[in-house]
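Listed below are the residues making up each chain.
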Amino acid sequence: MLAPGSPLMYTPPPADTPREDAIGKLADEIEGIPVAMMTTVGEDGELHSRPMQVTRARFDGHLWFFTAAGSGKAEELVNDPHVNICFADPARQRFVSIAGHAHVEQNAEQAAALWASEFRAWFPEGLDDPQLALVKVTPVSAQYWDGSASRFVRILGRLGLKPKVRPGQAIDNRRVNLREPRAL
């Protein structure tokens, strides 16, 4: 049996987890995942998901993606800004789902800061492409599953050691609030 407080035991986050701590944890969880699935709401109310190349900017409370200003997703975001962004890294047993609001902007300075050569596949003219735009996602909540501890449990099992862990117990699964504090 694992001792209370063991790193393999599920411990829910304190109710008052600071937003900055949640942002830092999510930044660590999504670091190195090259593609995310972005889900938007269509005019008909249907959900539409598509893969999006992740920019190399470290998550700081906002997510940024390149898009074409006249794309279907850009039009959907004008009608309904609700989005969900999902990251998956099965090899590292990390999964993140971020719910938020998004809008499209054409911001040359921000685009230059986020630009990397791999985006040329979609925008051959690079930063000079007139359709080049950014989707800025402002998260309001997120949930993550970090199963790296469960990998440790599987390794112990292969070694003949049998820690007593209930299903799901070795997965760090938390829901965090990312709403920005309101100005008084």
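Residues numbered from 1 in each chain as written. Predicted model: local features only at pLDDT ≥ 70, side-chain atom pairs only at ≥ 80, totals over all residues. Heavy atoms only, no water.

1. Focus on the packing of aromatic side chains
Piece 1. For the structure shown, the criterion picks out 3 aromatic pairs.
Piece 2. With centroids separated by 5.5 Å and ring planes inclined at 85 degrees, the aromatic side chains of F66 and W115 adopt a geometry described as edge-to-face. On the criterion of sequence distance, the pair formed by F66 in strand β3 (residues 63-68) and W115 in the loop between α3 (108-114) and β6 (132-146) is long-range, its members being 49 residues apart. For the pair shown, F66 and W115 are each scored as buried.
Piece 3. Seen from their ring centres, F66 and F119 are 4.6 Å apart, and the 50 degrees between their planes marks the pair as tilted. Here F119 lies in the loop between α3 and β6 and F66 lies in strand β3, a separation of 53 residues in the sequence. For the residue pair F66 and F119, the accessibility class agrees, reading buried in each case.
Piece 4. Chaining the aromatic ring pairs together yields one cluster made of F66, W115 and F119. (Phe/Tyr/Trp six-rings, centres within 6.5 Å; stacked < 30°, edge-to-face > 60°. Helix = DSSP H or I, 4+ residues; strand = E, 2+ residues; numbered from the N terminus. Buried < 20%, exposed > 50% of the residue type's maximum accessible area, 1.4 Å probe, protein only.)

2. Observations regarding helix α1 (residues 19-30)
Piece 1. Its 12 residues give α1 an end-to-end C-alpha distance of 17 Å, which sits within 8% of 16 Å, the value for a rise of 1.5 Å per residue.
Piece 2. Taken residue by residue, α1 has R19, A22, I23, L26, A27, E29 and I30 as its buried positions. Each buried residue of α1 sits inside an arc of 160 degrees when the element is viewed along its axis, so together they form one side.
Piece 3. Where α1 ends, the next residue or the one after it, G32, has phi of about 85 degrees, a positive value. (Expected span 1.5 Å × (residues − 1). Arc of directions from axis to C-beta.)

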